[in-house]
Amino acid sequence: MGQMHVMVLGAVMGLLGFLPSGILFELVLTRGKRVGVGAGLASVLVSFAFMSVAALAVRLLKHELTLVFGGAMACTFLAAWAVEAWRAWRDANAPASPGEGK
């Protein structure tokens, strides 16, 4: 497996690690649905466990490519959260509708 393949695999694993928390965040952001603390904590634990197991698997199979894989995974995970943070900031700072506050 080449270095580029490992980078792509790391990016895919970073996106998959983002999904549990990202889905909950999207529910709150777009639908205004309430999400409990337990669900949020569970999504963080699932993400952490998934990405830790993925990194451990690469470490055991191809230890020389662990840094490349982990770097791609972390950068993709953080980039996805940067996009979500920007969307939340934009929505929070949007002008109020005319009927709001009455």
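Chains are numbered independently. Their residues run from 1 in the order of the written sequence. Whole-chain, interface and lining totals are the exception, using all residues; otherwise, since this is a predicted model, local features are given only for residues with pLDDT of at least 70 and side-chain atom pairs are given and counted only at 80 or more. The basis for the side-chain values is all heavy atoms of the structure; hydrogens and waters are excluded.

(A) Representation of the nonpolar core. Nonpolar core, defined: a set of buried Ala, Val, Leu, Ile, Met, Phe, Trp, Tyr and Cys residues in which side-chain atoms within 4.5 Å join the residues together. Accessibility here uses a 1.4 Å probe with only protein chains present; expressed as a share of the type maximum, an area under 20% marks a residue as buried, one over 50% as exposed, and anything in between as partly exposed. Ranked by size, the top nonpolar core spans 12 residues in total: Val6, Met13, Phe18, Met51, Ala54, Val58, Leu65, Val68, Phe69, Met73, Phe77 and Ala80. In this description a helix means any DSSP run of H or I spanning at least four residues, a strand means any run of E spanning at least two, and both kinds are numbered starting from the N terminus. At the level of elements, α1 (3–31), α2 (37–61) and α3 (66–92) are the ones that each hand at least two residues to this core. Here this core gets 5 residues from one element, more than from any other, and that element is α3. Any two residues having at least one pair of non-hydrogen atoms within 4.5 Å are treated as being in contact. Ignoring anything within four residues of it in the chain, the contact list for Phe77 reads Gly14, Gly17, Phe18 and Met51.

(B) Up close: a nonpolar patch on the surface. Note that patches include only residues with greater than 30% relative accessible area and no salt bridge, and the join distances are 9 Å for like charges and 5 Å for nonpolar side chains (Val, Leu, Ile, Met, Phe, Trp, Tyr). With residues, only the protein chains shown are counted as cover, and all accessible areas are computed by Shrake-Rupley using a 1.4 Å probe. In what follows, salt bridge is the name for a side-chain nitrogen of Lys or Arg lying within 4 Å of a carboxyl oxygen of Asp or Glu. A cluster of nonpolar side chains, contributed by Met4, Met7, Val8, Val12, Leu16, Leu19, Ile23 and Phe50, occupies part of the molecular surface with about 690 Å² of accessible area. The element that contributes the greatest number of residues to the nonpolar patch is α1, accounting for 7 residues. Note on placement: Val8 falls in helix α1.

(C) Region of the structure containing the side chain of Glu84. Positionally, Glu84 belongs in helix α3. Residue Glu84 is classed as buried on the basis of its relative accessible area of 8%.

(D) Structural view of the pattern of salt bridges. Scanning all chains against the criterion turns up 3 salt bridges. Arg87 is the partner of Glu26 in a salt bridge, and the nearest nitrogen-oxygen pair spans 2.3 Å. In this pair, Glu26 sits in helix α1 while Arg87 sits in helix α3, placing the two residues 61 residues apart along the sequence. Judged by its relative accessible area of 22%, Glu26 falls in the partly exposed class. Between Glu84 and Arg87 there is a salt bridge, with its nearest N and O atoms 3.4 Å apart. One end of the pair is Glu84 and the other is Arg87, both in helix α3 and 3 residues apart, which spans about a single turn.

(E) Representation of the side chain of Ser21 within the structure. With respect to the helices and strands, Ser21 occurs in helix α1. A 3.5 Å cut-off defines polar contacts: any pair of N or O atoms within that distance qualifies, except that in protein one atom must be a possible hydrogen donor and the other a possible acceptor, and neighbouring residues in sequence count only when both atoms are side-chain atoms. Within the structure, Ser21 has its side chain in polar contact with the side chain of Ser43 (distance 3.2 Å). With residues up to four places along the chain from it excluded, the contact list for Ser21 reads Ser43, Val44, Ser47 and Trp81.

(F) Examining the packing of aromatic side chains more closely. The criterion for an aromatic pair is that two Phe, Tyr or Trp rings (for Trp, the six-membered ring) have centres within 6.5 Å, with stacked assigned to planes under 30 degrees apart, edge-to-face to planes over 60 apart and tilted to the rest. According to the stated counting rule, one finds 2 aromatic pairs in the structure shown. Taken together, a centroid distance of 5.1 Å and an interplanar angle of 80 degrees make the contact between Phe18 and Trp81 edge-to-face. Of this pair, Phe18 sits in helix α1 while Trp81 is found in helix α3, placing the two residues 63 residues apart along the sequence. Phe18 sits in the buried class, given a relative accessible area of 11%. Ring geometry for Phe25 against Trp81: centres 5.6 Å apart, planes inclined by 75 degrees, an arrangement best described as edge-to-face. Within this pair, whereas Phe25 is found in helix α1, its partner Trp81 is found in helix α3, the two being separated by 56 residues in sequence. Grouped by ring-pair contacts, the aromatic residues Phe18, Phe25 and Trp81 constitute a single cluster.

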